[in-house]
Amino acid sequence: MHSFHFSTDYILENDGVRLRPLTLDDVSNLLHFSLHEPELWQYSLVQAGGEEALRHYIRQAVEAREAGREYPFIVFDKSQNVFAGSTRFYDIQLENRTLLLGYTWYGKNHQGTGLNKHCKYLLLQFAFETMGMERVEFRADNANQRSIRAMKSIGCVEEGLLRSHGRRPDGSRRDSIVLSILRNEWFNGVKETLGAKLARV
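Residues numbered from 1 in each chain as written. Predicted model: local features only at pLDDT ≥ 70, side-chain atom pairs only at ≥ 80, totals over all residues. Heavy atoms only, no water.

*Asks:* Any chance you could explain the packing of helix α1 (residues 27-36) against helix α2 (residues 51-66) here in plain terms?
*Replies:* A pair of packed helices can be characterised by two numbers: the angle between their axes and the separation between those axes. Closest axis-to-axis distance for the α1/α2 pair is 9 Å, and the angle between their directions is 130°. Classified by the interaxial angle, the pair formed by α1 and α2 is oblique. Handedness of the α1/α2 crossing: right-handed. Of α2, the residues touching α1 (which contributes Val27, Leu30, Leu31, Ser34 and Leu35) are Glu51, Leu54, Arg55 and Ile58. Across the contact of α1 with α2, the residue classes break down as six nonpolar, one polar and two charged. (Axes fitted to C-alpha atoms, helices over the stretch in contact; angles between N-to-C directions. Helix = DSSP H or I, 4+ residues; strand = E, 2+ residues; numbered from the N terminus. Parallel < 35°, antiparallel > 145°, perpendicular 65-115°, else oblique. Left-handed = near helix turned anticlockwise from the far one by under 90°. Contact = heavy atoms within 4.5 Å. Nonpolar A, V, L, I, M, F, W, Y, C, P; charged D, E, K, R; others polar.)

As structure tokens, this is what we get:
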């Protein structure tokens, strides 16, 4: 039987990246992005541009972990030796063995470097092999082609569209694309393929 406890501090790490639980003290580690790269949250339903918004963003994430709904991480880029962004598991349903993986963002200097593949490998490995998940779901604004390409490149299967699913910061409505990876897909090809890509980044 797999075990997972929201109160446990899990650290996921390989040669390229280190993920540890996000804490309220991480405002200072991520503030640079919040002040200088507010466009990172262009497609996000939750904004973190500016110091107050970032504090709220992190506080919400930490409280959701305490409530047993989410598990947020801060991302440390080993190649550049700096904090790079954040990601999390959310809508965690232990009884159904499903969760969503998202709220993922990285500073501009860390985009397109292979960092995301390192993070996704560790997160998917943890979800399927430690938590015992049967399904990991991903969602994105259907207009965010960069994010959709990134998800498909790691092996996600497109399932469909949630129409008028959320409200963008500008007040317009967004359609959310839904993708997923299933447990048997992880063990029957996705893990191997993604691991091979890591060897090249």
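Read on for the rest.
*Asks:* Just to check I follow, could you spell out α1 for this structure?
*Replies:* Residues separated by three or four positions in an α-helix point in the same direction, a consequence of the helix having 3.6 residues per turn. Burial in α1 covers these residues: Val27, Leu30, Leu31, Phe33 and Ser34. Here the buried face of α1 lies against α2, β3 (71-77), β4 (82-93) and β5 (98-106). (Buried < 20%, exposed > 50% of the residue type's maximum accessible area, 1.4 Å probe, protein only.)

*Asks:* I keep staring at unusual backbone geometry and nothing clicks. Help me out?
*Replies:* Only a minority of non-glycine residues have a phi that is not negative, and only a minority of peptide bonds are not trans. Positive phi outside glycine occurs at Asn81, with the angle close to 60°. Within the fold, Asn81 resides in the loop between β3 and β4. Given a relative accessible area of 55%, Asn81 falls into the exposed group. One non-glycine residue with positive phi stands out, namely Tyr103, at about 50°. Checked against the element boundaries, Tyr103 lands in strand β5. The class of Tyr103 is partly exposed, set by a relative accessible area of 27%.

*Asks:* Teacher, can you tell me more about the environment of Lys108 here?
*Replies:* Here Lys108 lies in the loop between β5 and α3 (115-130). Relative accessible area serves as the criterion here: at 47%, Lys108 is assigned to the partly exposed category. As for Lys108 and Ser34, which are separated by 74 residues in sequence, their C-alpha atoms are 12 Å apart. Contacts of Lys108, omitting those with residues within four sequence positions, involve Glu37, Glu39 and Leu40.

Honestly, it's all geometry; don't read function into it.
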